[in-house]
Amino acid sequence: MYMIIWPILALLFIALVVAGQIILRKKLGDRLKRAKQIRIKKISEATLEGKKKKYIGELIYIESDLVNNRITIRTAYHKMSRCIRGFVRDVTGLNVDKYTLSEITSVGIPNLTNLVREYYEPEFARETRTDVRGSIMRTRMTIEGWRK
């Protein structure tokens, strides 16, 4: 009779260890997920307005250089990409400067994702038929419409 109790106790012990492992891994996984959540910095309304003016000024220079043939369409898209990424970095604290499109998508800022997607072909293609002035306008509207 006593010989049957030991295997049963051993199985119960193993079941408790496995259950404990599952519970601990779940709790640690939840903590890691919270630690990996994107933290967007808080800025004042005055700071936001100053950043908007700065980056809209950059867009004005990009458009002026483009209209006066000082830069190519491709260069204009490179500069627009740097401009919107710099703006987002300055107002959110997220260093999206070197992010790929899929990384930008995972950040959860649809306007940024759409603009970067729009810039990709003209930035990297040898030749492209694009509405660069429309892209400048959409970039400007994104910046102007940004909310804290």
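Residues numbered from 1 in each chain as written. Predicted model: local features only at pLDDT ≥ 70, side-chain atom pairs only at ≥ 80, totals over all residues. Heavy atoms only, no water.

1. Quick look at the pattern of salt bridges
Using the criterion set out here, one finds 9 salt bridges in the structure. Here D90 and R89 are joined by a salt bridge, their closest N and O atoms 3.2 Å apart. Residue D90 is classed as buried on the basis of its relative accessible area of 13%. Notably, a salt bridge pairs D97 with R89, separated by 2.5 Å at the nearest N-O pair. One salt-bridge network, held together by shared partners, links K51, K54, R89, D90 and D97. (Salt bridge = Lys/Arg side-chain N within 4 Å of Asp/Glu carboxyl O. Buried < 20%, exposed > 50% of the residue type's maximum accessible area, 1.4 Å probe, protein only.)

2. Focus: the packing of aromatic side chains
Counting across every chain of the model gives 3 aromatic pairs. Between Y55 and F87 the ring centres are 5.8 Å apart and the planes differ by 75°, which places this aromatic pair in the edge-to-face class. Placement of the pair is Y55 in helix α2 (residues 45-67) and F87 in helix α3 (residues 73-92), with a sequence separation of 32 residues. What links up through ring pairs into an aromatic cluster is the set Y55, F87 and W146. (Phe/Tyr/Trp six-rings, centres within 6.5 Å; stacked < 30°, edge-to-face > 60°. Helix = DSSP H or I, 4+ residues; strand = E, 2+ residues; numbered from the N terminus.)

3. Considering the nonpolar core
The biggest cluster of nonpolar side chains holds 30 residues, and the ones touching the most others in it are I62, M80, F87, L112 and I143. Elements with a minimum of two residues in this core: α2, α3, α4 (101-107), α5 (110-124) and α6 (132-144). For this core, the element with the highest residue contribution is α3, accounting for 8 residues. If we ignore the near neighbours within four places in the chain, the residues touching M80 are L59, I62, Y119, V132, S135, I136 and T139. (Core = buried A, V, L, I, M, F, W, Y, C linked by side-chain atoms within 4.5 Å. Contact = heavy atoms within 4.5 Å.)

4. So, the layout of surface pockets
Here the largest pocket defines a volume of roughly 290 Å³. If you go around the largest pocket, you meet 14 residues; those closest to its centre are I40, T92, W146, R147 and K148. When grouped by side-chain class, the residues that make up the lining of the largest pocket number 6 nonpolar, 4 polar and 4 charged. (1 Å grid on protein atoms, 1.4 Å probe; cavity = no way out; pocket = protein on both sides within 12 Å on 5 of 7 lines; lining within 4 Å. Points joined across faces, edges and corners; volume = space filled by probe spheres on them. Nonpolar A, V, L, I, M, F, W, Y, C, P; charged D, E, K, R; others polar.)

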